[in-house]
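Residues per chain, in single letters:
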Amino acid sequence: MNLLHIDSSVSGAGSITRALTAAIVAPWHDCPESTRVVYRDLDAAPIAHLHGAALAGKDSAAAAEAENALQEFLDADVIVLGAPMYNFGIPSTLKAWIDRIAVAGKTFRYTSEGPEGLAGGKRVIVAVGSGGQHAGAPSDFIEPYLRLVFGFLGINDIHFVRAEGVALSAQHREQALAAARASIPTPAPLRLAA
């Protein structure tokens, strides 16, 4: 079992999503099956934003970085993703990572019947933290976007762990974090497509 753990918060030790991703990943270490965890911190080591030289293959360092990120994703059975809400969306560093895993011919392809995801059989667990209340509201550009992206790649086993309203008060923060921790799914064997 390969688990890819990604954090993207810039808040360091005070980050809600970092606390949640750590809590999500912890039980996987105790799974009866062997779990290999690969960790990527998009704040400490951001992936360069997509640019023309990288797409054209003229930037060898960017190409190597992109290939490494893509291979980590392809090798993963489970992806645990920290996605804090910044200005109603995901951090730009997380978007840069998505730009490296959404690759035609590798994780999706276009057919005469429309796009087909090639990365199915994975589970994604997303930890979302936000200062206000946004779940299900027009201001939530995180969950719909990530469901669309991963669904486009063929992944439909997606679970969101949300801590909302954390900026309203210290009490709201603690209650939101407790509720989010209570909603963390327990590790379970993957149901791989036949």
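Each remark here, short or long, concerns the structure printed above.
All figures in this text were calculated on a predicted structure; none of them were measured in a lab.

Under the counting rule described, the total for this entry stands at 10 salt bridges. Put simply, Lys 95 and Asp 99 hold a salt bridge, and the shortest N to O gap is 2.5 Å. Here Lys 95 pairs with Asp 99, and both are found in helix 4 (residues 92-101), just four residues apart, close to one helical turn. On the basis of relative accessible area, Lys 95 is assigned to the partly exposed category, the value being 34%.

In terms of residue burial, helix 1 (residues 16-25) counts as a mostly covered element, since seven of its 10 residues are buried. Buried residues along helix 1 sit against strand 1 (2-7), strand 2 (36-41), strand 3 (78-84), strand 6 (123-130), strand 7 (157-164) and helix 6 (170-182).

In this structure, the largest pocket occupies an estimated 260 Å³ of space. What lines the largest pocket is a set of 13 residues, and nearest its centre among them are Ala 54, Leu 55, Ala 66, Arg 100 and Val 103. For the lining of the largest pocket, the secondary-structure elements that each account for two or more residues are helix 2 (52-55), helix 3 (60-75) and helix 4. Tallying contributions element by element places helix 3 first for the lining of the largest pocket, with five residues. Of the residues that constitute the lining of the largest pocket, the class distribution is nine nonpolar, no polar and four charged.

About the thresholds
- Residues numbered from 1 in each chain as written.
- Predicted model: local features only at pLDDT ≥ 70, side-chain atom pairs only at ≥ 80, totals over all residues.
- Heavy atoms only, no water.
- Salt bridge = Lys/Arg side-chain N within 4 Å of Asp/Glu carboxyl O.
- Helix = DSSP H or I, 4+ residues; strand = E, 2+ residues; numbered from the N terminus.
- Buried < 20%, exposed > 50% of the residue type's maximum accessible area, 1.4 Å probe, protein only.
- Contact = heavy atoms within 4.5 Å.
- 1 Å grid on protein atoms, 1.4 Å probe; cavity = no way out; pocket = protein on both sides within 12 Å on 5 of 7 lines; lining within 4 Å.
- Points joined across faces, edges and corners; volume = space filled by probe spheres on them.
- Nonpolar A, V, L, I, M, F, W, Y, C, P; charged D, E, K, R; others polar.

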